Amino acid sequence: MELPAPLRQGVELLLEHVPLPALKQAARTLSDRYRAELRDGRLHMAEDMAVKAYLATRLPATYAAVRASLDALAEARPDFQPRTLLDIGAGPGTMLWATIDLWPDLEAAVMLEASAAVRKIGQTLAAETVAARTEWLAGDATIDLADLQPADLVTAAYVLDEIVPASLPKLIGRLWQLTAGTLLIVEPGTPAGWQRILAVRRQLIEAGAHVLAPCPHETPCPLVPPDWCHFSRRVARSRLHRLSKDADVPWEDEKFIYIAASRQPAPARPARVIAPPKAGSGKVLLKLCVPDGSAGETLFSKRDGDAFRIARRLDWGDTLDL
């Protein structure tokens, strides 16, 4: 999944004259902070060069994860057409771009971001290309939500991993209060990210939310560690991306986990493929999370006729009507 053309062109323009050694150093520092999930009171992208390193090395992957999560939300609720967006921890506008790519009629967006350097670049990228009325606000996700207004779609992507765990229940409670329609949370697809999403899921269900995706049910998650629920998108690396990270492989796999929850009851949800399919001669093995709350592997063979033909076309994260 590629960045929308106006966003890609804007990023290329911003990175055009950035010295490669400085970009490589900033990319290493940023990667180390993300991998360690540091919560030392410093913003990951406090400096301009850190933001540019993010644009070069992380934006395509996080965009792919966010857009895939939005696609799953839209599949679960095809009647949902948000007019307003509230994005918490907005970064350079990743969620904004993914949302307007899916729902071009979005009318207004409020983007809350603590880093002045990130807000500046986000505003630059969106200027004269994003039709929705867009307001960028300075603010900390844990303390600056009191004066915000509810929105049809409320989002927080790759935010919870930067927040002290003790602060998460209050934050999720406030995000749900601000949700007029649907709340989407996206996290890194690590065991720790999955545990955060599980905690969010429990809290939202207790608050009366209806889970849209990825779960086809609202019973406790059937997976048991060391297994964990996550998904993946393969993203092509640009030449600058490869140079910035000294990477030889022309692509990378972005692993992520998400939850979409609605104030409206969820329609019947199909089973979801929760691992890479295993295909063989005349057969395919799918690991499925199913509406009865269980999860396990199901084998489809040519003898299953249409069911096999459908199953062999499915990918990790897709849905299947059983």
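Here, every reference points to the structure presented above.
A short tour of the structure in this document, coming up. Quick caveat, the model's predicted, so the values are computed rather than measured.

## Focus on the overall build of the chain
Looking only at helices and strands, the chain features 10 helices and 13 strands. By the compact-globule yardstick of 20 Å for 322 residues, the chain fits well, its C-alpha radius of gyration being 20 Å. The principal-axis extents of the C-alpha atoms in the chain amount to approximately 60 × 45 × 35 Å. Going through the 322 residues of the chain one by one, you find that 52% of them count as buried. At a minimum sequence separation of 6, the contacts of the chain that also span at least 24 residues come to 72%. Here the chain contributes 38 positive and 40 negative side-chain charges, whose respective centroids are spaced 5 Å apart.

## Some words on the environment of Ser281
Tracing the chain through its elements places Ser281 in the loop between strand E10 (278-280) and strand E11 (283-289). Judged by its relative accessible area of 77%, Ser281 is exposed.

## Here's the deal with the packing of helix H3 (residues 48-57) against helix H4 (residues 59-76)
A pair of packed helices is characterised by two quantities: the angle between their axes and the separation of those axes. One can describe the packing of H3 onto H4 by two numbers: an axis separation of 4 Å at closest approach and a directional angle of 65 degrees. Residues Tyr54, Leu55 and Thr57 of H3 lie in contact with H4, whose contacting residues are Leu59, Pro60 and Thr62.

## Description of the packing of aromatic side chains
The relation between two aromatic rings is expressed through the spacing of the ring centres and the mutual angle of the planes. Counted under the stated rule, the structure contains four aromatic pairs. Seen from their ring centres, Phe231 and Tyr258 are 5.7 Å apart, and the 45 degrees between their planes marks the pair as tilted. Of this pair, Phe231 sits in strand E7 (residues 231-236) while Tyr258 sits in strand E8 (residues 251-262), and the two are 27 residues apart along the sequence. The burial state of Phe231 is the same as that of Tyr258; both residues are buried. On the numbers, 6.2 Å between centres and 25 degrees between planes, the contact of Phe256 with Tyr258 is stacked. What makes Tyr258 buried here is its relative accessible area of 4%. Three or more aromatic residues joined by ring pairs form one cluster here, namely Phe231, Phe256 and Tyr258. The cationic tip of Arg234 hangs over the ring face of Trp251; the distance from NZ or CZ to the ring centre is 3.4 Å.

## Details of the environment of Leu20
Relative to the elements of secondary structure, Leu20 occurs in helix H2 (residues 20-36). What makes Leu20 partly exposed here is its relative accessible area of 30%. In this structure, the C-alpha to C-alpha distance between Leu20 and Leu137, residues 117 residues apart in sequence, is 31 Å. Each residue touching Leu20, except ones within four places of it in the same chain, is listed here: Leu240, Leu243 and Ser244.

## Observations concerning the pattern of salt bridges
Evaluated as defined, the whole model comprises 13 salt bridges. Here Asp253 makes a salt bridge to Arg234, at a shortest N to O gap of 2.8 Å. One end of the pair, Asp253, is in strand E8; the other, Arg234, is in strand E7, with 19 residues separating them in the sequence. A residue is classified by how much of its surface remains accessible, and Asp253, at 32% relative accessible area, is partly exposed.

## Describing the environment of Leu30
Tracing the sequence through the fold places Leu30 in helix H2. Note on Leu30: relative accessible area 3%, which makes it buried. Separated by 66 residues in sequence, Leu30 and Leu96 place their C-alpha atoms 22 Å apart.

## Section: the nonpolar core
Core analysis: the largest hydrophobic core is formed by 93 residues, its most contacted members being Ile88, Leu96, Leu175 and Ile185. Per-element accounting of this core gives the leading share, 10 residues, to H4. Look past the residues within four positions of Leu175 in its chain and what remains in contact with it is Ile88, Leu145, Val154, Ala156, Leu183 and Ile185. Ranked by size, the runner-up nonpolar core spans 11 residues in total, among them Val284, Leu286, Val290 and Phe308.

## A closer look at the side chain of Glu254
With respect to the secondary-structure elements, Glu254 resides in strand E8. Take Glu254: its relative accessible area is 7%, and that puts it in the buried class. One polar contact links Glu254 to Arg58, side chain to side chain, over a distance of 2.9 Å. Separated by 2.7 Å, the side chains of Glu254 and Tyr158 make a polar contact. In contact with Glu254, not counting residues within four places along its chain, are Arg58, Ala61, Thr62, Ala65, Tyr158, Phe231, Ser232 and Arg233.

## With respect to H4
Between its first and last C-alpha atoms H4 spans 26 Å; for 18 residues at 1.5 Å apiece the expected length is 26 Å, and the two agree. Counting buried positions along H4 yields 16 of 18 residues, so the element is predominantly enclosed.

## Notes on the state of the cysteines
Tallied over the entire structure, the rule returns zero disulfides. With no disulfide of its own, Cys229 has Cys221 as its nearest cysteine by sulfur position, at a separation of 6.2 Å. Residue Cys229 is classed as buried on the basis of its relative accessible area, which comes to 11%. A disulfide-free cysteine, Cys289 has its sulfur positioned 6.2 Å from the sulfur of Cys215, the nearest such atom. Take Cys289: its relative accessible area is 10%, and that puts it in the buried class.

Rules of the game
Sequence order as written defines the numbering, with residues in each chain counted from 1. The predicted origin of the model limits local features to residues at a pLDDT of at least 70 and limits the giving and counting of side-chain atom pairs to 80 or more, whereas totals for whole chains, interfaces and linings rest on all residues. Hydrogens and water molecules were not included; the side-chain quantities draw on all heavy atoms of the structure. The helix count covers DSSP runs of H or I at least four residues long, the strand count covers runs of E at least two residues long, and both are numbered beginning at the N terminus. For the radius of gyration, the atoms used are the C-alpha atoms, and the globule rule reads 2.2 Å times the number of residues raised to 0.38. Burial here depends on accessible area, computed with a 1.4 Å probe over protein chains only, as a share of the maximum for the residue type. Under 20% is buried, over 50% is exposed, and the range in between is partly exposed. Any two residues whose heavy atoms approach within 4.5 Å are treated as being in contact. The sign given to each residue is positive for Lys and Arg and negative for Asp and Glu; His and the chain ends receive no count. The atom standing in for a charge is NZ when the residue is Lys, CZ when it is Arg, CG when it is Asp and CD when it is Glu. Fitted lines through C-alpha atoms give the axes, limited to the stretch in contact for helices. The angle between two N-to-C directions lies from 0 to 180 degrees. Note on aromatic contacts: the rings of Phe and Tyr and the six-membered ring of Trp form a pair at centre separations within 6.5 Å, being stacked when their planes are under 30 degrees apart, edge-to-face when over 60 apart, and tilted otherwise. Any Lys NZ or Arg CZ found within 6 Å of a ring centre and within 35 degrees of that ring's normal is scored as a charge over the ring. The working definition used for a salt bridge is a side-chain nitrogen of Lys or Arg within 4 Å of a carboxyl oxygen of Asp or Glu. To form a nonpolar core, buried Ala, Val, Leu, Ile, Met, Phe, Trp, Tyr and Cys residues must be joined to one another through side-chain atoms within 4.5 Å. In protein, a polar contact means a hydrogen-donor-capable atom and an acceptor-capable atom, both N or O and within 3.5 Å, with residues adjacent in sequence counting only if both atoms are side-chain atoms; elsewhere, any N or O pair within 3.5 Å suffices. Expected helix span is given by 1.5 Å per residue-to-residue step, counting one fewer step than there are residues. Our working definition of a disulfide is a cysteine sulfur pair at a distance within 2.5 Å.

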